[in-house]
Amino acid sequence: MADASAAGAGGIRIANVGHTYRPPRGRPVTALEEVSLEVAENEFLALLGPSGCGKSTLLYLIGGFLPIESGGISVGGTPVAAPGPDRGVVFQHFALFPWKTVRENVLYGLEKQRLPKAEREARAAAFIEMVHLDGFEDSYPSQLSGGMKQRVAIARTLAMDPGTLLMDEPFGALDAQTRSLMHEELLAILKRTAKTVVFVTHDVQEAVLLADRVAVMTARPGRIKTVVDVADVGGAADAIRDPRFVEKVDFLWGQVRDEALAAQKGGAG
Amino acid sequence: MTAALWRYTPLFLIAAAWEGAIRAGLMDSSLLPPFSEVMAALGRLVVDPELYRHAAASLMREVAGFGLAVIVGIALGIVMAWYVPVRILVNPLVRCIYPMPKSALIPVMIMWLGLGHLAKIGLIFLGCLLPVIVSAFNAARGVDTVLIWSAQAAGATRRQILTEIVLPASLPEILAGVRTSLALSFVLLVSSEFLMAREGLGYMIAFLGEGGVYDAMFAAVLLVTGIGFAADRAYLAVARRLLVWRE
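Residues numbered from 1 in each chain as written. Chains lettered and ligands numbered in written order. Predicted model: local features only at pLDDT ≥ 70, side-chain atom pairs only at ≥ 80, totals over all residues. Heavy atoms only, no water.

## Describing empty space enclosed by the protein
A probe as big as a water molecule, rolled over the atoms, marks out the empty space that is left.
Inference 1: A complete count under the given rule lists two cavities of 30 Å³ or more for this structure.
Inference 2: Here the largest cavity is characterised by a volume of approximately 160 Å³.
Inference 3: Taken together, 16 residues line the largest cavity, and the ones lying closest to its centre are R156 and T157 of chain A together with S150, A153 and A154 of chain B.
Inference 4: Of all the secondary structure elements, the ones that give two or more residues to the lining of the largest cavity are strand 6 (87-90), helix 3 (102-112) and helix 5 (146-159) of chain A together with helix 8 (145-154) of chain B.
Inference 5: Class assignment for the residues of the lining of the largest cavity results in nine nonpolar, five polar and two charged.
Inference 6: As a volume, the second largest cavity reaches approximately 40 Å³.
Inference 7: The wall of the second largest cavity is formed by V131, R151, I154, M182, E185, L186 and I189 of chain A.
Inference 8: No other element matches the four residues that helix 6 (residues 176-192) of chain A contributes to the lining of the second largest cavity.
Inference 9: Of the residues assigned to the lining of the second largest cavity, the class counts are five nonpolar, no polar and two charged. (1 Å grid on protein atoms, 1.4 Å probe; cavity = no way out; pocket = protein on both sides within 12 Å on 5 of 7 lines; lining within 4 Å. Points joined across faces, edges and corners; volume = space filled by probe spheres on them. Helix = DSSP H or I, 4+ residues; strand = E, 2+ residues; numbered from the N terminus. Nonpolar A, V, L, I, M, F, W, Y, C, P; charged D, E, K, R; others polar.)

This is the structure:
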């Protein structure tokens, strides 16, 4: 790989990617246009933008769930063509299999990877414990709260040990308190097992708190407006009172607000 | 137990009204024998080996026709939802056959399959197949895309996604469609046996009616009703077990 260097061996390279939704009825919608972005190995990148800017679309393209129509995406030097266990995904609405218990949900991917039974069981137990759900192994998702469901989803994804973690507003559906606890847990988990993370959110503070870099996207059609390095701030719950943290949040807020206004104008016009 | 008894109070009231109306001379007992006589006839019926010969024939037709319809219907409905060529081929047929009164097929079935078991099995199969196909098709199309994506990201193959994700995710809706089919299967079983049979519970009802043995005929009707009710209850119990994961 000639230019694997730029993104690092396990990093993500997105070059000139565009995407247009063509609904069966109605006009086609250009969600993404000429998006280029690189994420270094073990870097945490937050994708920030107004709703409808195509940030989830970009994440689904990296995941291989949508066909890449123009440009190219490679993860760890391999072009993305289909979903794969090298890229773990955590969806906004958990996407747990409701007919499987907590343990069965976590085991599903491990079974698909044909791990020996003893190892599967041990790994599932370890990751369920890691997200503090031991004791709930035999519960069904319908019996759990939103925060617990999302912890199962995270355990299920992490148990597969993917090099890349794709998270689509994973904490968007949770209340503020649970969300704050989940932030701490996620950072603690990543400290133990380093991963390349792309984290979609529309919450500026969350982005600055968790990420090494924040990429702000423009209103539709989505492009990368600016990329801000925030590695030196955040990383802990009390960071939000750090003046430098507040400064970065304010700056990014301004960037996102301009785009949100542009999106509104676009919608009205 | 007492709660269950209370739930069926209206049935006891109807039985009492039935008996009372005839005793009071409000109804002609040659048209409707008193409830007590029907129950006595039912008592004689259940110890008659003839009943079990007819019941066995009906049961065989019911299980074969309905069972086949459920298996084929679920498979066809899901495959239709998943593979466009199958959908293009099968969907118009389903839409045409769906609203057709299946009992209209009885003469055709006799012509093609004769007077034996096959014609009844064929009729029950065709009648029950469509509600199952339609419910499986709709359910499979409505499966949340992110569930499928989750399975793909875990490394599931296309076939595994169908059997391990689409099928269980569709189950609640499929089970509702199958229940409709179960009720329909009894209608088709009995009505086909009325018209074209030498054995079976439907045949027995027709035979007793023609012979003027009304108390036994009503007893047989009550028995078939009871079997249908029990089948539905048993089905609900099984469905509830299959869906324990729902709230």
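## Quick word on the interface of chain A and chain B
You'll often see interface size given as the accessible area lost when the parts meet.
Inference 1: In this assembly, 22 residues from chain A lie in contact with 19 residues from chain B.
Inference 2: Of the roughly 1,700 Å² buried at the junction of chain A and chain B (both faces included), carbon and sulfur atoms supply 71%.
Inference 3: By the criterion of area lost to chain B, the three top residues of chain A are W99, Y108 and K112 of chain A, representing 34% of everything that side buries.
Inference 4: At the boundary of chain A with chain B, the tally comes to one salt bridge.
Inference 5: In this structure, the salt-bridge partner of E164 of chain B is K112 of chain A, at a minimum N-O distance of 3.1 Å.
Inference 6: There are five residue pairs in polar contact (both at pLDDT 80 or more) connecting chain A and chain B.
Inference 7: The set of elements that each furnish at least two residues to the side of chain A that touches chain B consists of strand 6 and helix 3 of chain A. (Contact = heavy atoms within 4.5 Å. Buried area = accessible area lost by both parts, 1.4 Å probe. Salt bridge = Lys/Arg side-chain N within 4 Å of Asp/Glu carboxyl O. Polar contact = N/O pair within 3.5 Å; in protein donor to acceptor, adjacent residues only side chain to side chain.)

## Quick word on unusual backbone geometry
Residue and element names in this part refer to chain A.
Inference 1: In the segment running from R220 into P221, the intervening peptide bond is cis, with an omega of -5 degrees.
Inference 2: Relative to the helices and strands, P221 is located in the loop between strand 9 (213-217) and strand 10 (224-229).
Inference 3: With a phi angle near 70 degrees, F94 is a residue other than glycine that sits in the positive phi range.
Inference 4: For F94, the location among the structural elements is in the loop between strand 6 and helix 3.
Inference 5: The phi dihedral of D161 falls on the positive side, at around 50 degrees, and the residue is not glycine.
Inference 6: Relative to the assigned elements, D161 resides in the loop between helix 5 and strand 7 (164-168).

## Remarks on the packing of helix 4 (residues 49-82) of chain B against helix 10 (residues 201-210) of chain B
Residue and element names in this part refer to chain B.
Inference 1: Between helix 4 and helix 10, whose axes approach to 7 Å, the crossing angle comes to 135 degrees. Looking at the two axes, helix 4 sits oblique to helix 10. Taken together, the residues of helix 10 that come into contact with helix 4 (itself represented by L51, H54, A55 and S58) are L201, Y203 and M204.
Inference 2: For the contact of helix 4 with helix 10, a count of residues per class yields five nonpolar, two polar and no charged. (Axes fitted to C-alpha atoms, helices over the stretch in contact; angles between N-to-C directions. Parallel < 35°, antiparallel > 145°, perpendicular 65-115°, else oblique.)

## Side note on the pairing of strand 4 (residues 70-75) of chain A
All names here are of chain A.
Inference 1: With five bridges joining them, strand 1 (residues 12-21) and strand 4 adopt antiparallel strand pairing. Looking at strand 4, one finds that I14 is bridged to I73.
Inference 2: The sheet contact formed by strand 4 and strand 5 (residues 78-79) spans two bridges and is antiparallel. Bridging across to strand 5, V75 finds its partner in T78.
Inference 3: Hairpin connection of strand 4 to strand 5: two residues between the antiparallel strands, including G76 at a positive phi of 60 degrees. (Pairing = 2+ DSSP bridges.)

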